[in-house]
Amino acid sequence: MIQEYEPEATRRATGDTESSRASRGWWDRNADEYQTEHGAFLGDDRFVWGPEGLDEADAALLGPASGLAGLDVLEIGAGAAQCSRWLAAQGARPVALDLSHRQLQHALRIGGDVPLVEADAGALPFADGSFDLACSAYGAVPFVADPVRVMREVRRVLRPGGRWVFSVTHPIRWAFPDEPGPEGLSVAASYFDRTPYVEQDEHGRAVYVEHHRTLGDRVRDVVAAGFRLIDLVEPEWPDWNTQEWGGWSPLRGHLIPGTAIFVCERDEGPSGGS
Ligand SMILES: C[S@@+](CC[C@H](N)C(=O)[O-])C[C@H]1O[C@@H](n2cnc3c(N)ncnc32)[C@H](O)[C@@H]1O
């Protein structure tokens with residue numbers, strides 16, 4: 001009989017390589033369950049920014065949908081490429097990139113003709129200035145140890161003036177237990193403690209990692225990488241959305257923000273630098 005080891009949850013330092021390896025393994029093992037649980041909410045060809053259900057068709061954070069036709073768009077941490085499929089339907093030319101082979105197999109299962117690329121967001125396999133826009137709905141950024149490296153890569157592959165829009169767990173949530181009910185409403189940890197959340201196996205190897213940055217850290221990260229921050233969107237929980245998503249819930253969503261969306265524009269400097 002195979003004994004399943006229950007990972008131990010802890011807080012400890014972890015670097016880029018261990019984080020990346022843990023993310024690939026976790027998403028490969030959990031992609032089936034993730035798509036079964038959240039696929040209907042995400043929709044095969046909707047662009048949803050997070051558990052609140054904010055839809056790019058309404059929010060237009062990448063610019064008006066009518067202006068997307070003909071643009072080259074990179075989606076980072078695309079999962080099953082739902083957002084890219086919506087972009088393609090607007091006439092854009094998306095490329096969906098993800099670290100997880102199994103997530104990309106779900107993209108193939110759903111179908112469509114979006115090009116898929118299996119790669120790490122910290123080393124983008126594209127030439128400088130390849131894209132007009134880049135986006136990410138909870139993809140990669142919350143899971144990497146060095147987000148500035150990802151931002152610099154995104155800046156490098158964007159054309160001058162290109163927009164980079166990404167959503168992450170709202171930093172304030174770090175201070176609260178990750179529970180959808182009332183127990184998730186009391187501060188239980190320091191917002192300022194950046195020690196990563198790590199689940200590790202019986203050998204002490206990380207099998208799941210999340211990295212915390214404060215709101216100020218995230219602003220400094222995008223600026224350090226050569227972007228201008230032009231908006232920071234904190235979606236409010238809408239009344240129509242009665243669905244829980246892990247620790248995100250209507251109860252908490254009406255009281256504290258769950259998602260932060262950073263709308264950035266690449267400065268006009270050369271592609272290679274920072
Ligand atoms: C929460 S899912 C979001 C996927 C999709 N946007 C959605 O809403 O379903 C996070 C995705 O980021 C991917 N990911 C995590 N770390 C990554 C990295 N370093 N590079 C590229 N993708 C990564 C995971 O494989 C996973 O598919």
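Up top you'll find the structure we're talking about.
Since the model is a prediction, treat every value here as computed from it, not as a measurement. (Residues numbered from 1 in each chain as written. Predicted model: local features only at pLDDT ≥ 70, side-chain atom pairs only at ≥ 80, totals over all residues.)

Participant: Describe the overall build of the protein, with residues and values.
Facilitator: Regarding its fold elements, the protein presents seven helices and ten strands. Projecting the C-alpha coordinates of the protein onto the three principal axes gives extents of approximately 50 × 40 × 40 Å. Counting every position in the protein, which comprises 274 residues, the buried fraction comes to 41%. Within the protein, residue pairs in contact and separated by at least 24 positions form 72% of the contacts whose partners lie at least 6 positions apart. (Helix = DSSP H or I, 4+ residues; strand = E, 2+ residues; numbered from the N terminus. Buried ≥ 20, exposed ≤ 12 C-beta atoms within 10 Å, placed from the backbone. Contact = placed C-beta atoms within 7 Å.)

Participant: A description of the nonpolar core should follow, citing residues and the corresponding values.
Facilitator: Judged by nonpolar contacts, the single largest core of 58 residues is most densely connected at Ala134 and Val165. Excluding residues that lie within four positions of it along the chain, Ala134 makes contacts with Leu74, Ile76, Val154, Leu158, Gly162 and Trp164. (Core = buried A, V, L, I, M, F, W, Y, C linked by C-beta atoms within 7 Å.)

Participant: Describe in detail unusual backbone geometry, supporting the description with residues and values.
Facilitator: You will see that Ala81, though not glycine, has its phi angle at about 65°, which is positive. Following the sequence through the fold, Ala81 ends up in the loop between β2 (72-76) and α3 (82-89). Positive phi is not limited to glycine here, since Ala140 has a value of about 65°. Looking at where Ala140 falls in the secondary structure, it is placed in the loop between β5 (131-137) and α5 (147-157).

Participant: So what about the packing of α5 against helix α6 (residues 215-224)? Which residues, and what values?
Facilitator: Between two packed helices, both the angle of their axes relative to each other and the distance between the axes serve to describe the pair. Running from N to C, α5 and α6 point in directions that differ by 40°, and their axes come no closer than 8 Å. In this view, α5 runs oblique relative to α6, as classed from their interaxial angle. In the crossing of α5 with α6, the sense of the turn from one axis to the other is right-handed. Taking contact as the criterion, the partners of Pro147, Val148 and Met151 in α5 are, on α6, Asp221, Val222 and Ala224. For the contact of α5 with α6, the residue count by class is five nonpolar, no polar and one charged. (Axes fitted to C-alpha atoms, helices over the stretch in contact; angles between N-to-C directions. Parallel < 35°, antiparallel > 145°, perpendicular 65-115°, else oblique. Left-handed = near helix turned anticlockwise from the far one by under 90°. Nonpolar A, V, L, I, M, F, W, Y, C, P; charged D, E, K, R; others polar.)

Participant: Just give me the short version of the site of the ligand, but keep the residues and values in it.
Facilitator: Taken together, the neighbourhood of the ligand is formed by 20 residues, with Trp27, Gly77, Gly79, Ser100 and Ala121 sitting nearest. Ranked by the residues each element gives to the shell around the ligand, the list is headed by helix α1 (residues 16-42), at four residues. Class assignment for the residues of the shell around the ligand results in ten nonpolar, eight polar and two charged. (Near = placed C-beta within 6 Å.)

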